[in-house]
Amino acid sequence: MATFLYRLGRGAFRRRGLVALLWVALLFAAGFGAASASAPTSGSFSIPGTEAQKAFDLLDQRFPGMAADGATARIVIKAPEGAKVTDAGPKAEVQKIVTGLKSGPGAAEISSVADPYEAQAVSQDGSTAYISAKYKVSGMELKDDTREALKVSGDGAKAAGLNVQIGGDALMAAPETGSGEIIGIAVAAIVLVITFGSLVAAGLPLLTAIIGVGIGVSSITALANVLDLGNTTATLATMIGLAVGIDYALFIVSRYRAELAEGRERDEAAGRAVGTAGSAVVFAGLTVVIALVGLAVVNIPMLTKMGFAAAGTVVIAVLVALTLVPAILAFAGKKVLPAGKKSRLFGKGKPEGAEKKANGGTRWARFVLRRPVMVLLAGVIGLGVIAIPASKLEMGLPDDGAQPVSTTQRQAYDLLSDGFGPGFNGPLMVVVDGDKALADSTADRIKGLDGVVAVTPPTLNEAGDAAVITVIPKDRPSSTHTEDLVHEIRDGSGEDVLVTGATAMNIDFSQKMNDALLPYLALVVGLAFLLLMLVFRSILVPLKAALGFLLSVVAALGAVVAVFQWGWLGSVFGVEQTGPIMSMMPIFMVGVVFGLAMDYEVFLVTRMREAYVHGERPGQAVVTGFQYSARVVVAAAVIMIAVFSGFMGASDQMVKMIGFGLAVAVFFDAFVVRMAIVPAVLALLGHKAWWLPKWLDRLLPNVDVEGESLRKHLEKSADSPEGPDKDRELVNA
């Protein structure tokens, strides 16, 4: 592989014009496809194999239109203190809202509007009422004029002194990341400038990463409606694509400058950089792809599509690093100065031949080698303490109750809770596959359960062979009492009675996430273990990598629970409302963080393996690995943390939580696990770290990530009569 990548890198360097033209053409093609495509929708949501999904499927068959995916809105009206919405003045204002929705702007997209006085949507004390509106399309597909008409529908009532707030998903919009994403990229640029000491060298990883992300996200946007991709898919792809794109280019550029510092010609340096660091990039990218594609094992279509789309962006980032980066290095010419002459990365401005002072990575590695037990215990105990809150993890899916208190959705949620009870925001829908007698007996049984406030009379379909019963719980949708009520209804019913609705879907989704976590973990870690065993020709190094990852991801989950569930330092991170952790967060973090963490493992330990294979003792190999890779890994980690932290400014609670979780997980994994625990463990293991049974060594293919075969090939090529020109002819061919 190293030899193939060497030729690929040098070929891209020499044919820079053609390579750059192909990538720019691909970017324009993807951009044109995205501009021509219709706006992405929110994506359909289904959970195959769950009772809630079976109930929705039954509704679709027996009650056509009831299970449609159209957006809903609730306009909640509260009368002033001492007045009632049934009084003549407030009632007239409410009727104006109803009339405006039915006949005003955006009425063409509304399928039904329920008058609160006819639909019995007035609270018992008469202080609060709500208007239910059903739209023909999803919230993401609503026209801007329709959404704006909904927002201003209650302005007249507000002027009359009524409190009008709007809930539901009709106001749903694409998540806004605000300026945080731009700040993250700016921080990445500063880190690159400090690392390379050159504006051109610093700008190169940013440029290539943006091109790669542009192609990936534009492709996702172009195919969003065809493949039914959710509106958060592009956000996830941007988040991961930027992080790995910058990192992979950083690895290639830093190795290229190191090769230049050793006196190589520029095309030769590019070939060697891609042949060595490029091999690490390929395998690091493969671990990320495995982790993302492995999300398919959860069997939730939305999550599977998100994983595949993000994996596609990672593949593009790898290809960009292997081809476009060396091509742009060729265009940059001498502006990308040799590491020994200008960069702070290696030479620190000293002339060639001068004695070099040990850099920070070298000094840190020697410190760990002197005190491996102390460093190991400090790292493990520290992460273990931070992981403690993860034992109190509560999972659920966010609703309007998780919105910031300043939003109209949250205020509508609170008004409904105050006027009708907390459970009114999460009604349960019981679907009965049977006649009226079965429906009536089911309703009577549910009425006798604790935790039930109200049960509506069964509504039969035209054929009379199915019915729908609405159940209002006593507690809020995300409470454990409501979850217990759902299980109690299900346990006391036969196969003909199914419970669904948003609350039941959330409960089933969380359970499916829990059930899939261990199989997913086994699949991803197992495949990555085999991959790392190929890379490092060792059993203990991949095992150490997997265990270190588990420690860092559990610690990151503990931090997420402390901030988003308990509210510790919530104001610092912009958390306005605490609550259960998003159900997909644990399995999502396992997938994404595992792939990203292996980037550092592969790049850092590959340098150690390379030194060990070339004859250095285990301890010295660790020092050599840190000497050449520590600063690059630290810079890559800071960049990735900055990019992920930028998404914490998003308006969407899900994106905010993902950004925080990934940023803190990368911090723990890069700075505690890879930079402290890894060298401590390798120091304690010595030669045993690189042990592999001979029979297994014969079975495993030799992928030669450390470039040993490449070195022999180049030495042989240099000694041949044709010299290095032979390889140049192969490249040109």
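To start, this report covers the structure provided alongside it. Quick caveat: nothing in here was measured; it's all calculated off a predicted structure.

Rules of the game
- Sequence order as written defines residue numbering, which begins from 1 separately in each chain.
- The predicted nature of this model means local features are confined to residues of pLDDT at least 70 and side-chain atom pairs, given and counted, to a pLDDT of 80 or more, with totals for whole chains, interfaces and linings taken over all residues.
- The side-chain figures draw on all heavy atoms in the structure; neither hydrogens nor water molecules are used.
- Runs of H or I in DSSP of at least four residues are treated as helices and runs of E of at least two as strands, each being numbered from the N terminus.
- Note on contacts: a residue pair is in contact if any heavy atoms of the two residues lie within 4.5 Å.
- The accessible surface values rely on the Shrake-Rupley method and a 1.4 Å probe; as for residues, cover is taken only from the protein chains in view.
- Grid points spaced at 1 Å over the protein atoms alone were grouped into cavities, where a 1.4 Å probe fits but cannot get out, and pockets, open sets with protein on both sides within 12 Å along at least five of seven lines, with lining residues defined by an atom within 4 Å of a point.
- Grid points are joined across faces, edges and corners, and a volume is the space filled by probe spheres set on the points.
- Three categories are distinguished: nonpolar for Ala, Val, Leu, Ile, Met, Phe, Trp, Tyr, Cys and Pro, charged for Asp, Glu, Lys and Arg, and polar for the others, with Gly belonging to the last.
- Here the rule is simple: two strands pair whenever DSSP picks up at least two bridges between them.
- In this analysis, axes come from line fits to C-alpha atoms, helices being fitted only over the stretch in contact, and the angle between any two N-to-C directions falls in the range 0 to 180 degrees.
- Burial classification: accessible surface area is computed with a 1.4 Å probe over protein chains only, and a residue below 20% of its type maximum counts as buried, one above 50% as exposed, and the rest as partly exposed.
- Basic side-chain nitrogens of Lys or Arg form a salt bridge, by our definition, when they fall within 4 Å of a carboxyl oxygen of Asp or Glu.
- Classification of ring pairs uses Phe, Tyr and Trp, with its six-membered ring standing for Trp, and accepts pairs whose centres are within 6.5 Å; under 30 degrees between planes counts as stacked, over 60 as edge-to-face, and the remaining range as tilted.
- Put simply, a charge is over a ring when the Lys NZ or the Arg CZ is close to the ring centre, within 6 Å, and near the line of the ring normal, within 35 degrees.
- The cut-offs work like this: below 35 degrees is roughly parallel, past 145 is roughly antiparallel, 65 to 115 is roughly perpendicular, and the gaps in between are oblique.
- Crossing handedness is read from the near helix: turned anticlockwise from the far helix by less than a right angle, it gives a left-handed crossing, and turned clockwise, a right-handed one.
- The span expected for a helix works out to 1.5 Å for each residue beyond the first.
- Bend is the name given here to the angle between axes fitted to two runs of seven residues, the run ending at a residue and the run starting at it.
- As used here, the term nonpolar core means buried Ala, Val, Leu, Ile, Met, Phe, Trp, Tyr and Cys residues forming a set that is joined through side-chain atoms within 4.5 Å.
- Residues with no salt bridge and a relative accessible area higher than 30% make up the patches, which join like charges within 9 Å and nonpolar side chains (Val, Leu, Ile, Met, Phe, Trp, Tyr) within 5 Å.
- Here Asp and Glu are counted as negative and Lys and Arg as positive; His is not counted, and neither are the chain ends.
- Lys charges are placed at NZ, Arg charges at CZ, Asp charges at CG and Glu charges at CD.

With that settled, the discussion passes to the overall build of the protein. For the protein, the helix and strand inventory stands at 24 helices and 11 strands. Of the contacts formed within the protein by residues at least 6 apart in sequence, a portion of 79% connects residues at least 24 apart. With the model as given, the accessible surface of the protein reaches about 30,200 Å², and the carbon-plus-sulfur share is 59%.

Put simply, the second largest pocket is a space of about 720 Å³. Around the second largest pocket sit 35 residues that line it, and Gly396, Arg476, Ser478, Ser479 and Pro580 are the ones nearest its centre. Contributing elements (two or more residues each) for the lining of the second largest pocket: strand E5 (395–396), helix H14 (408–420), helix H16 (480–491), helix H17 (502–536), helix H18 (540–565) and helix H21 (653–685). Here the lining of the second largest pocket takes 6 residues from H17, the largest share from any one element. Taken together, the residues that form the lining of the second largest pocket break down as 12 nonpolar, 17 polar and 6 charged.

A few words on the sheet that holds strand E2 (residues 110–114). Strand order across the open sheet formed by 4 strands is E2-E3-E1-E4, with antiparallel pairing between neighbours. Here the strands that pair on one side only, and so sit at the sheet edges, are E2 and strand E4 (163–167). Ignoring strand direction, the axes of neighbouring strands in this sheet form an average angle of 15°. With 5 bridges joining them, strand E1 (residues 72–78) and E4 adopt antiparallel strand pairing. In the strand pairing of E4, isoleucine 77 is matched with valine 164. Contacts between H14 and the sheet are confined to E1, strand E3 (128–135) and E4, with E4 contributing the most and set at about 110° to the helix.

With that settled, consider the environment of leucine 685. Summarising the element assignment, leucine 685 is placed in helix H21. Take leucine 685: its relative accessible area is 26%, and that puts it in the partly exposed class. Separated by 145 residues in the primary sequence, leucine 685 and leucine 540 have C-alpha atoms spaced 8.8 Å apart.

A few words now on the pattern of salt bridges. A complete count under the given rule lists 19 salt bridges for this structure. If you follow the salt bridges from partner to partner, you end up with Arg255, Glu259, Glu262, Arg264 and Glu610 in one network.

Here we take up the packing of aromatic side chains. Any pair of aromatic rings gets described here by the distance separating the centres and the angle formed by the planes. One pass over the structure, following the stated rule, counts 10 aromatic pairs. Following the ring pairs from residue to residue traces out a cluster consisting of Tyr130, Phe420 and Phe424. Over the ring of tyrosine 117 we find lysine 91; its NZ or CZ atom is 4.9 Å from the centre of that ring.

Moving on: the packing of helix H9 (residues 233–261) against helix H11 (residues 301–332). Close contact between H9 and H11 brings their axes to 8 Å; oriented N to C, the two are set at 30°. The pairing of H9 with H11 is recorded here as roughly parallel in orientation. When you trace H9 past H11, the crossing you get is right-handed. Contact residues: H9 offers Thr233, Leu236, Ala237, Ile240, Gly241, Val244, Gly245, Tyr248, Ala249, Ile252, Val253 and Tyr256, while H11 offers Lys305, Met306, Ala309, Ala310, Thr313, Val314, Ala317, Val318, Ala321, Val325 and Leu329.

Here strand E9 (residues 467–473) lies mainly inside the structure; 6 of its 7 residues are buried. When strand E6 (residues 428–432) meets E9, the two strands line up antiparallel, connected through 5 bridges. When the bridges of E9 are listed, valine 430 appears paired with isoleucine 469. In this structure, strand E7 (residues 452–455) lies alongside E9, joined through 3 bridges in antiparallel fashion. Directly across from valine 452, in E9, lies its bridge partner proline 473. Pairing geometry for strand E8 (residues 459–460) and E9, over 2 bridges, is antiparallel. When the sheet's bridge partners are listed, leucine 460 is paired in E9 with alanine 467. Connecting E8 to the next strand, E9, in antiparallel fashion are 6 residues, including glycine 464 with a positive phi near 75°.

For H17, built from 35 residues, the straight-helix expectation of 51 Å at 1.5 Å per residue is met to within 8% by its first-to-last C-alpha distance of 48 Å. Of all the bends in H17, the largest measures some 40° and sits at leucine 517, one to four residues before the proline proline 519. Just past H17, the residue arginine 537 takes up positive phi, approximately 50°.

A word on the nonpolar core. Tyr248, Tyr256, Phe549, Met589 and Phe644 are the most contacted members of the largest nonpolar core, which has 186 residues in total. No other element matches H11, which puts 20 residues into this core. Not counting chain neighbours up to four residues away, the residues in contact with phenylalanine 644 comprise Met239, Ile240, Ala243, Leu596, Gly659, Leu662, Ala663 and Val666. With 24 residues, the next largest nonpolar core counts Val85, Val113, Ala157 and Ala170 among its residues.

Turning to the packing of helix H12 (residues 360–370) against helix H13 (residues 372–387), a few remarks are in order. It is the contact of H12 with H13, at a shortest axis distance of 5 Å, that shows an interaxial angle of 100°. Between H12 and H13, the crossing angle belongs to the class labelled roughly perpendicular. Contact residues: Phe367, Val368, Leu369 and Arg370 in H12; Pro372, Met374 and Val375 in H13. In terms of residue class, the contact of H12 with H13 is made up of 6 nonpolar, no polar and 1 charged.

All right, on to the environment of arginine 147 then. Structurally, the position occupied by arginine 147 is in helix H5 (residues 144–151). By relative accessible area, arginine 147 is classed as buried at 10%. Distance from arginine 147 to alanine 170, taken between C-alpha atoms, is 7.1 Å for residues 23 residues apart in sequence.

The next thing to look at is a negative patch on the surface. The grouping of Asp450, Glu483, Asp484, Glu488 and Asp491 at the surface amounts to a negative patch. With respect to the helices and strands, aspartate 484 occurs in helix H16.

So, about the pairing of E6. Among the 5 residues in E6, 4 count as buried, and that is most of the element. Bridge count between E6 and strand E10 (residues 497–500): 4 bridges; the pairing is antiparallel. Across the sheet, valine 430 pairs through a bridge with valine 499, a residue of E10.

To continue, consider H13. Compared with the 22 Å implied by 1.5 Å per residue over 16 residues, the 22 Å span of H13 between its first and last C-alpha is a close match. Looking at the packing, one finds that the buried side of H13 touches H12, H18 and H21.

Read these as layout, nothing more, since geometry by itself doesn't imply function.
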